[in-house]
Amino acid sequence: MNDRIREDILALVGGTGQWRQWSRREFVTGSLATGFALAAQPICAQTMIKTSDQGLHAGEVRVETKQGSIPAYIAMPDKGTNFPMILVVQEIFGVHEHIKDVCRRFAKLGYVAAAPELYYRQGDVSKMSDVKEIFGKVVNNVPDSQVMADLDATVAYARRLGMAHASKLGITGFCWGGRVTWLYTAHNPGVKAGVAWYGRVLGDKNANNPAHPLDVVDKINAPVLGLYGGADAGIPNDTVDKMRSALSAAGKKSTIHTYPDTPHAFHADYRPSFRKQQAEDGWRRATEWFKANGVA
């Protein structure tokens, strides 16, 4: 244990369960993007949800991994320790304002929520204006093995500093992060529950992506709730149906809910794809799913 972490743990004085020095010592600035990626334009400010950080510790931290440190956004209540933890996995646009806001929404419910920047080693997508460029230069070069290891490191970081409960772990992700959510529940037996928002379940395989969710159904360790749009132009309904059937055949407690006539990214309140009714219903289902499966 290094001196800084030891000092932070000792800051939990008097049995109060309050971090007196944590925010000052651990929060940093400068690595995560501010605003939104150029490729995510246009931004729909009139529908965008903005969750206050009042009553929270929220901001950027550095998470140590075996391949060096990566930035992450973390939010949690400003009083207490050992909160149930939710990993929040980014869309293809990285850890931007919407993903940070989702972390704050969970923190308001009593969780510590962490969103590590999982593209950090491959490049900054926030300055890229074309989705094809994002995939070609960054996303396609991110190995699944790296993503799994970085998520593991983020959990270890939060537990080491007393932020996260030793066993109450959940994960949720959007788009690219929805696929990762399925994969991580197959990777980490400590996950209690997952919620995958419109994540791809089938695709081409290569060295960086050797398997997809449909390939690892038998290894999924925890119940996953899948939330999909019936009018998603990028994720064919038949692949979602195959995932649903495979989960049932394997006897998994996971389930998939498809919203009819609903596009991809319907939870993304900053984009034209946002659908308020489906997003609110999905959020309700997600939070209830975590509580029902031991992440509360």
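Here, every reference points to the structure presented above.
Keep in mind that what you see is a predicted model, and the values were worked out from it rather than measured.

Procedures and definitions
Residues numbered from 1 in each chain as written. Predicted model: local features only at pLDDT ≥ 70, side-chain atom pairs only at ≥ 80, totals over all residues. Heavy atoms only, no water. Buried < 20%, exposed > 50% of the residue type's maximum accessible area, 1.4 Å probe, protein only. Helix = DSSP H or I, 4+ residues; strand = E, 2+ residues; numbered from the N terminus. Pairing = 2+ DSSP bridges. Right-handed = clockwise from strand over helix to strand, strands pointing away. Axes fitted to C-alpha atoms, helices over the stretch in contact; angles between N-to-C directions. Contact = heavy atoms within 4.5 Å. Parallel < 35°, antiparallel > 145°, perpendicular 65-115°, else oblique. Left-handed = near helix turned anticlockwise from the far one by under 90°. Lys, Arg positive; Asp, Glu negative; His and termini not counted. Salt bridge = Lys/Arg side-chain N within 4 Å of Asp/Glu carboxyl O. Polar contact = N/O pair within 3.5 Å; in protein donor to acceptor, adjacent residues only side chain to side chain.

What to know about the pairing of strand β4 (residues 112-116)
Piece 1. In terms of burial, β4 is a largely internal element, five of the five residues being buried.
Piece 2. Across four bridges, strand β2 (residues 68-77) lies against β4 in antiparallel orientation. Opposite alanine 75, over in β4, you have alanine 113 as the bridge partner.
Piece 3. In this sheet, β4 lies alongside strand β3 (residues 83-89) in parallel orientation, the contact comprising three bridges. Paired with leucine 87 across the strands is alanine 114, a residue of β4.
Piece 4. After leaving β3, the chain enters helix α3 (residues 97-108) and then returns to the sheet as β4, a path that is right-handed.

Considerations on the sheet that holds strand β5 (residues 164-174)
Piece 1. Strand order in the open sheet formed by eight strands is β1-β2-β4-β3-β5-β6-β7-β8, and the pairing between neighbours is mixed. At either margin of the open sheet sits one strand with a lone partner, and together these are β1 (56-65) and β8 (255-259). Neighbour-to-neighbour, the strand axes of this sheet turn through a mean angle of 20 degrees, independent of strand direction.
Piece 2. In this structure, strand β7 (residues 224-229) lies alongside β8, joined through five bridges in parallel fashion. The residue bridging tyrosine 228 from the neighbouring strand is threonine 258, located in β8.
Piece 3. Set on the sheet, α3 makes contact with β1, β2, β3, β4 and β5; between it and β2 the angle comes to about 45 degrees.

Things to note about the packing of α3 against helix α8 (residues 276-292)
Piece 1. Closest axis-to-axis distance for the α3/α8 pair is 13 Å, and the angle between their directions is 50 degrees. Overall, the two elements α3 and α8 adopt an arrangement that is oblique. Between α3 and α8 lies a crossing of right-handed hand. In this structure, α3 uses Val102, Arg105 and Phe106 to contact α8, whose residues at the interface are Trp283, Thr287 and Phe290.

Notes on the side chain of aspartate 232
Piece 1. If you trace the backbone, aspartate 232 turns up in the loop between β7 and α7 (237-249).
Piece 2. Here aspartate 232 sits buried without a salt bridge, and the closest side chain of opposite charge, arginine 271, lies 9.5 Å off (N-O distance).
Piece 3. Separated by 2.8 Å, the side chain of aspartate 232 and the backbone nitrogen of glycine 234 make a polar contact.
Piece 4. At a separation of 3.2 Å, a polar atom in the side chain of aspartate 232 contacts the main-chain amide nitrogen of isoleucine 235.
Piece 5. Filtering out sequence-adjacent residues up to four positions away, aspartate 232 remains in contact with Tyr198, Thr262, Pro263 and His264.

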